[in-house]
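These are the residues of each chain, in order.
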Amino acid sequence: MNEMTPVAPQNPSAPRQRKPDWIRVKAPTSTGFAETKAMMRRLNLNTVCEEAACPNIGECWTKKHATVMILGDTCTRACAFCNVKTGMPRAVDALEPQHTADAAAELGLEHIVITSVDRDDLPDGGASQFVKVIQALRRTTPKTTIEILTPDFRNKAQAAVESIVEARPDVYNHNLETVPRLYPTIRPGARYYASLRLLESVKRHDPSIFTKSGVMVGLGEERLEVHQVMDDMRSADIDFLTMGQYLQPTPRHAKVLDFVTPQAFDAYAAIARAKGFLLVAASPLTRSSYHAGDDFAKMRAAREAQLSKGRAKG
């Protein structure tokens, strides 16, 4: 990655960069993929896998792992990196929490990830729907561990976090997405330090809940800026860092300025581990919910090892 790479203005007519070999994935064609898609349509559920054009959808859906996106398919924000459509969302679906729990039961999920669009139009930003989904999952599939990936609940974060933490998800994820300098162009509706404070407040309310956050690279960030984000995350006591390559979903979105090599991701991961994260996932195709169940098991084991070491010293 180049130092001090400027963020160029977007030109929709300009051809997109050719993806390197390490970023290419096969088109989904398996029976498992088709069955997962059919079930999501039958239950009237949206998935971030589809809406955000995730490159791992073929692998995950073949294994019947899907990330449910609640609160509809229309976002009130227009981030420069995101493929989810923007506009005025529909009314919240009262059946969505139970349908989500039914999907988890039908798929036999040991671990489920729930995310959402931004709903700045709602008085609580949609926090109550997260709570209802967690409650429905606890009733229907009590052994399923629950990971949520929430928006920033702009101007509503304190009350939203308190209500969700009280429902006790196993993992609370909120992505910082990029370095502070790029927020005005990449994530204009959000504030970097507000997102950090949100994650910090989760730990303050319930230290037993794992916290997680992710960043994209390839948007023009500097290496030292990424290191500073890691430090900021550790200051907020974030347990798990994910890092992946930004991919331009359409010509209208922010351009990829750099395809970061797998070796550079390995170097980032080594630095992050040295800074004290319980777990780090960093690779070109890493996404927030990619291999989330396996990663949760690793993170839980890492915490237990850490606690055992502390008890032994004591």
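Residues numbered from 1 in each chain as written. Predicted model: local features only at pLDDT ≥ 70, side-chain atom pairs only at ≥ 80, totals over all residues. Heavy atoms only, no water.

The next subject is the nonpolar core. If you look at the biggest cluster of nonpolar residues, it comprises 77 residues, and the most contacted ones within it are Ile 114, Ile 164, Tyr 172 and Met 243. With seven residues, helix H5 (residues 127–140) is the single largest residue contributor to this core. When sequence neighbours within four positions are dropped, the list of residues in contact with Tyr 172 reads Ile 148, Thr 150, Phe 153, Val 161, Ile 164, Leu 198, Leu 199, Val 202, Ile 209, Phe 210, Thr 211 and Lys 212. One finds Phe 210, Leu 278, Leu 279 and Phe 296 within the second-largest nonpolar core, a separate group that totals eight residues. (Core = buried A, V, L, I, M, F, W, Y, C linked by side-chain atoms within 4.5 Å. Buried < 20%, exposed > 50% of the residue type's maximum accessible area, 1.4 Å probe, protein only. Helix = DSSP H or I, 4+ residues; strand = E, 2+ residues; numbered from the N terminus. Contact = heavy atoms within 4.5 Å.)

This part covers the confidence of the model for the chain. Reading predicted coordinates in detail is not appropriate for stretches of low pLDDT. Summary statistics for the chain give a mean pLDDT of 87 and a share of 86% for residues scoring 70 or more. Under a pLDDT of 50 for its full length, residues 1–10 has, in the predicted model, 23 contacts with residues more than four places off or in other chains. (pLDDT = per-residue confidence, 0-100.)

This part covers the layout of surface pockets. In this structure, the second largest pocket occupies an estimated 240 Å³ of space. Lining the second largest pocket are Asn 44, Asn 46, Gly 72, Asp 73, Thr 74, Pro 89, Arg 90, Ala 91, Asp 93 and Glu 96. Tallied by class, residues from the lining of the second largest pocket come to two nonpolar, four polar and four charged. (1 Å grid on protein atoms, 1.4 Å probe; cavity = no way out; pocket = protein on both sides within 12 Å on 5 of 7 lines; lining within 4 Å. Points joined across faces, edges and corners; volume = space filled by probe spheres on them. Nonpolar A, V, L, I, M, F, W, Y, C, P; charged D, E, K, R; others polar.)

On inspection of all chains with the given rule, the structure shows four aromatic pairs. Centroid distance Tyr 183 to Tyr 192: 5.7 Å. Interplanar angle 90°. Geometry classified as edge-to-face. Neither Tyr 183 nor Tyr 192 differs from the other in exposure class; each is buried. Ring plane angle 90° and centroid distance 4.9 Å describe the contact between Tyr 192 and Tyr 193, whose orientation is recorded as edge-to-face. For Tyr 192, a relative accessible area of 4% puts it in the buried group. (Phe/Tyr/Trp six-rings, centres within 6.5 Å; stacked < 30°, edge-to-face > 60°.)

The strands making up a sheet associate through hydrogen bonds between their backbones, and the pairing can be parallel or antiparallel. Judged by pairing direction, the sheet is mixed, and its eight strands sit side by side in the order E1-E2-E5-E6-E7-E8-E9-E10 without closing on themselves. Unpaired on one side and paired on the other, strand E1 (46–47) and strand E10 (279–282) mark the two borders of the sheet. Of the strand pairs in this sheet, strand E6 (residues 145–149) and strand E7 (residues 171–173) are connected by three bridges, and their pairing is parallel. Its bridge partner being in E7, Leu 149 is matched across the sheet by Asn 173. Its contacts with the sheet place helix H4 (residues 96–107) against strand E2 (68–70) and strand E5 (111–116), and it is angled at close to 175° to E2. (Pairing = 2+ DSSP bridges. Axes fitted to C-alpha atoms, helices over the stretch in contact; angles between N-to-C directions.)

Looking now at the pairing of E10. What you see with E10 is no split at all: Leu 279 and Ala 281 on one side and Val 280 and Ala 282 on the other are buried throughout. Sheet topology note: the strand E9 (residues 240–245)/E10 ladder contains four bridges and is parallel. Residue Leu 241 lies in a different strand from E10, and its bridge partner there is Val 280. Of the crossover connections in this fold, the one passing from E9 over helix H10 (residues 262–274) to the parallel E10 is right-handed. (Right-handed = clockwise from strand over helix to strand, strands pointing away.)

A side chain of one charge can pair with a side chain of the opposite charge when the charged atoms of the two come close. Under the counting rule described, the total for this entry stands at 15 salt bridges. Arg 168 serves as the salt-bridge partner of Asp 206, at 3.0 Å between the closest nitrogen and oxygen. Residue Asp 206 is located in the loop between helix H8 (192–205) and strand E8 (210–217), and its partner Arg 168 is located in the loop between helix H6 (157–167) and E7; the two are separated by 38 residues in the primary sequence. Asp 206 sits in the buried class, given a relative accessible area of 13%. Arg 181 serves as the salt-bridge partner of Glu 225, at 2.7 Å between the closest nitrogen and oxygen. Of the two residues, Glu 225 sits in helix H9 (residues 223–235) while Arg 181 sits in the loop between E7 and helix H7 (183–186), which places them 44 residues apart along the sequence. Three or more residues are tied together by salt bridges with common partners; here these are Arg 77, Asp 118, Asp 120, Asp 152 and Arg 154. (Salt bridge = Lys/Arg side-chain N within 4 Å of Asp/Glu carboxyl O.)

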